[in-house]
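# Structural overview
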Amino acid sequence: MTAARRATGRFLAAVEARDARAAAACFTEDASYANVPHPPAVGRAAIEALLGPILRRSERVRWDVVTASYTEERAWLERVDRFWIDGSEHHVACNGVAEVDPARELITAFRDYVDLAPWRAEIAGVLAG
C-alpha cells in the first residue's frame, strides 16, 4: 500500500467520522485544500474551518470512492460525496487529487474538482436553515 493511499484513507475516515480536526490533522502544517475554482484554504486551521461547517451540519457523511489511482506521492479519487442533513441525503460527484509527502504520510495539497451549479442548487436551501 502506498503512502498516498494510507494518507488519503485516514483523511476519508476522518471526514466520514465528521471530525474536521482529525481530517485537518491528515495535512502538513502548510498544506492547501481547494474546492476548485475557489481559492485554497491554506494551513490546518483553515482546512478545519473549510470542512467543519458541512461536517457539523450533517448527521452522517459518506464519501464513496468510485475509482482510484495511487502512486507513492499522489492519489486520484473519483468520488460521490454524500451528506445526510435533516434526514435527507444530498450528494455531489467530484474528482479529487491529493499530493502527499510520503516520508510523513501527510497530505500537502488536495484539489477537489466539482461542478458547483448542481451542488449549490441541491444544498442552498438546506444550509440556509
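Residues numbered from 1 in each chain as written. Predicted model: local features only at pLDDT ≥ 70, side-chain atom pairs only at ≥ 80, totals over all residues. Heavy atoms only, no water.

### What to know about the overall build of the chain
- A count of helices and strands for the chain gives four helices and six strands.
- Along the chain, helices and strands appear, N-terminal first, in the series α-α-β-β-α-β-β-β-β-α.
- At 14 Å, the chain has a C-alpha radius of gyration in line with the 14 Å of a compact globule built from 129 residues.
- If one aligns the C-alpha atoms of the chain with their principal axes, the spans along those axes are about 45 × 30 × 25 Å. (Helix = DSSP H or I, 4+ residues; strand = E, 2+ residues; numbered from the N terminus. Rg over C-alpha atoms; globule rule 2.2 N^0.38 Å.)

### A word on the pattern of salt bridges
- Tallied over the entire structure, the rule returns 14 salt bridges.
- Among the ionic pairs, Glu29 bridges to Arg104, the shortest N-O distance being 3.5 Å. Taken together, the residues span a long stretch of sequence, with Glu29 in strand 1 (residues 27–36) and Arg104 in the loop between strand 5 (88–101) and strand 6 (106–114) at a distance of 75 residues.
- For Glu29, a relative accessible area of 49% corresponds to the partly exposed category.
- Between Asp81 and Arg79 there is a salt bridge; the shortest N-O distance is 2.8 Å. (Salt bridge = Lys/Arg side-chain N within 4 Å of Asp/Glu carboxyl O. Buried < 20%, exposed > 50% of the residue type's maximum accessible area, 1.4 Å probe, protein only.)

### Quick look at the pairing of strand 1
- Pairing geometry for strand 1 and strand 6, over six bridges, is parallel. Counted as the bridge partner of Val36 is Tyr113 from strand 6.
- For strand 1 and strand 2 (residues 41–42), the ladder comprises two bridges, and the chain directions are antiparallel. Across the sheet, residue Ser32 finds its bridge partner in strand 2, namely Val42. (Pairing = 2+ DSSP bridges.)

### Considerations on the sheet that holds strand 2
- One open sheet accounts for six strands, arranged 2-1-6-5-4-3; its pairing is mixed. Looking along the sheet, the strands with just one partner apiece sit at the ends: strand 2 and strand 3 (60–70).
- Strands strand 1, strand 3, strand 4 (74–85), strand 5 and strand 6 of the sheet are contacted by helix 1 (residues 3–16), whose axis makes an angle of about 165° with strand 3.
- Packed on one face of the sheet, helix 3 (residues 44–57) meets strand 1, strand 2, strand 3, strand 4 and strand 6 and runs near 50° to strand 1. (Contact = heavy atoms within 4.5 Å. Axes fitted to C-alpha atoms, helices over the stretch in contact; angles between N-to-C directions.)

### Re unusual backbone geometry
- Cis peptide bonds are those with omega within 30 degrees of zero, and the linkage from Val36 to Pro37 qualifies with 20°.
- Take Pro37: it is sitting in the loop between strand 1 and strand 2.
- You will see that Arg18, though not glycine, has its phi angle at about 65°, which is positive.
- For Arg18, the location among the structural elements is in the loop between helix 1 and helix 2 (20–24).
- By relative accessible area, which is 36% here, Arg18 ends up partly exposed.
- The phi dihedral of Asp86 falls on the positive side, at around 50°, and the residue is not glycine.

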